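A look at the structure
What follows is each chain in one-letter form.
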Amino acid sequence: GAVVSQHPSWVICKSGTSVKIECRSLDFQATTMFWYRQFPKQSLMLMATSNEGSKATYEQGVEKDKFLINHASLTLSTLTVTSAHPEDSSFYICSAEPRAGSGANVLTFGAGSRLTVL
Amino acid sequence: QKEVEQDPGPLSVPEGAIVSLNCTYSNSAFQYFMWYRQYSRKGPELLMYTYSSGNKEDGRFTAQVDKSSKYISLFIRDSQPSDSATYLCAMSRPYSGGGADGLTFGKGTHLIIQP
């Protein structure tokens, strides 16, 4: 089946530093990937839609200068949290649609990356 | 009113019981309905996917969609302790002219199956 790999699975960083999270589709190509954020006991909240070869589309309230998204190839999207602060500590999950064009939006998710900012 | 409402639980049932998980929604444009299972500190995994109204069965799992009531359900028969997880409903609109559209998730219901 379709697999989405995320790395790192866990990262701890100091306040003010930047952290990059990678999302890879291992056995399919993904022109579109999605980045979600999930706080404890909360639902997944869509942050942005990552489009291969073009700028990402951010949801309302998400700072595009803080959460930099790059989708340089059909199998890789990266999320960089710039100048991270403790309130950015969260579980970041990427996803992609293995059957693009099916109209179903059936997404495969990565295992998530837990960011802790000290 | 949130677009998708889901009781966060926790819902605790004995092993072997039939579990019923539900979501309501307000956006009549939603056409695709999914249930994801999420274990602690893991990404969600797709359990069931249905289009429009109707039922779908897969092993011990049955998904129901009632678009007239804007209500979806997931039933788990012969529940097992390994079914203990958070179950998230998700739904989406059809594509609107090229490109994918993100999912709207419920808050998730924390399910505990007692051995």
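What counts, and where the lines are drawn
- Residues numbered from 1 in each chain as written.
- Chains lettered and ligands numbered in written order.
- Predicted model: local features only at pLDDT ≥ 70, side-chain atom pairs only at ≥ 80, totals over all residues.
- Heavy atoms only, no water.
- Helix = DSSP H or I, 4+ residues; strand = E, 2+ residues; numbered from the N terminus.
- Rg over C-alpha atoms; globule rule 2.2 N^0.38 Å.
- Buried < 20%, exposed > 50% of the residue type's maximum accessible area, 1.4 Å probe, protein only.
- Phe/Tyr/Trp six-rings, centres within 6.5 Å; stacked < 30°, edge-to-face > 60°.
- Salt bridge = Lys/Arg side-chain N within 4 Å of Asp/Glu carboxyl O.
- Pairing = 2+ DSSP bridges.
- Axes fitted to C-alpha atoms, helices over the stretch in contact; angles between N-to-C directions.
- Contact = heavy atoms within 4.5 Å.
- Polar contact = N/O pair within 3.5 Å; in protein donor to acceptor, adjacent residues only side chain to side chain.
- Core = buried A, V, L, I, M, F, W, Y, C linked by side-chain atoms within 4.5 Å.

Moving on to the overall build of chain B. A count of helices and strands for chain B gives zero helices and eleven strands. Taken from N to C terminus, the helices and strands of chain B fall in the order β-β-β-β-β-β-β-β-β-β-β. The C-alpha atoms of chain B give 14 Å as radius of gyration, which agrees with the globular expectation for 115 residues (13 Å, within 12%). For the C-alpha atoms alone, the extent of chain B along its principal axes is close to 50 × 30 × 25 Å. By residue count, 42% of the 115 residues in chain B fall in the buried class.

Take the packing of aromatic side chains next. Residues and elements named next belong to chain B. The final tally for this structure, using the stated rule, is ten aromatic pairs over all chains. A ring pair is formed by Y25 and F33, whose centres lie 5.3 Å apart and whose planes are at 45°; its orientation type is tilted. The residues Y25 and F33 share a single accessibility class, namely buried. Residues Y32 and Y51 carry aromatic rings whose centres are separated by 4.9 Å and whose planes lie at 40° to one another, so their mutual orientation is tilted.

What follows is about the pattern of salt bridges. All names here are of chain B. The tally for this structure, following the rule as stated, stands at five salt bridges over all chains. When the shortest N-O distance is used, the salt bridge between R37 and E45 registers 3.2 Å. With a relative accessible area of 33%, E45 lands in the partly exposed category. Across the pair D83 and R60 runs a salt bridge whose closest N-O atoms are separated by 2.9 Å. One end of the pair, D83, is in the loop between strand 8 (71-76) and strand 9 (85-92); the other, R60, is in the loop between strand 6 (54-58) and strand 7 (61-66), with 23 residues separating them in the sequence. Looking at D83, the relative accessible area reads 1%, which means it is buried. In this structure R60 comes out as partly exposed when scored by relative accessible area, which is 25%.

What holds strands together in a sheet is hydrogen bonding between their backbones, with the strands either parallel or antiparallel. Residues and elements named next belong to chain A. What the four strands build is an open sheet, ordered 1-3-8-7; its pairing is antiparallel. A strand with exactly one partner marks an edge of an open sheet, and here the two such strands are strand 1 (4-7) and strand 7 (67-73). Averaged over neighbouring strand pairs, the angle between their axes works out to 15° when direction is ignored. The sheet contact formed by strand 3 (residues 19-25) and strand 8 (residues 76-81) spans six bridges and is antiparallel. Considered in strand 8, the bridge of K20 is made with T80.

Before going further, it helps to examine the environment of B:L88. Structurally, the position occupied by B:L88 is in strand 9. Taking C-alpha positions, B:L88 is 18 Å from B:N55, a pair spaced 33 residues apart along the chain. B:L88 has contacts with A:S43, A:L44, B:Q6, B:M34, B:W35, B:Y36, B:Q38, B:P44, B:F105, B:G106, B:K107 and B:G108, leaving out every residue within four places of it along the chain.

This brings us to the side chain of A:K66. Residue and element names in this part refer to chain A. Mapped onto the elements, K66 comes out in the loop between strand 6 (57-58) and strand 7. Residue class for K66 comes out buried when judged on its relative accessible area of 12%. Of the polar contacts made by the side chain of K66, one reaches the backbone oxygen of S83; its length is 2.9 Å. In this view, K66 contacts T80, V81, T82, S83, A84, H85 and D88; residues no more than four positions away in its chain are not counted.

In this section: the nonpolar core. Among the nonpolar cores identified, the biggest contains 24 residues, and A:W35, A:F67, A:L79, A:Y92 and A:L115 are the most heavily contacted of them. Residue assignment for this core shows that the elements contributing at least two residues are strand 2 (10-13), strand 3, strand 4 (32-38), strand 5 (45-51), strand 7, strand 8, strand 9 (90-96) and strand 11 (113-117) of chain A. Core analysis: the next-biggest nonpolar cluster, separate from the first, contains 23 residues, B:V4, B:V19, B:C23 and B:M91 among them.

With that settled, consider the pairing of strand 5 of chain A. Residues and elements named next belong to chain A. Across the seven residues that make up strand 5, a large majority, six, are buried. Pairing between strand 4 and strand 5: six bridges, direction antiparallel. Across the sheet, residue F34 finds its bridge partner in strand 5, namely T49. Linking two consecutive strands that pair antiparallel, namely strand 4 and strand 5, is a turn of six residues; a positive phi of about 60° is found at K41 within it. The hairpin formed by strand 5 and strand 6 contains five residues between the paired strands, and G53 there has a positive phi angle of roughly 80°.

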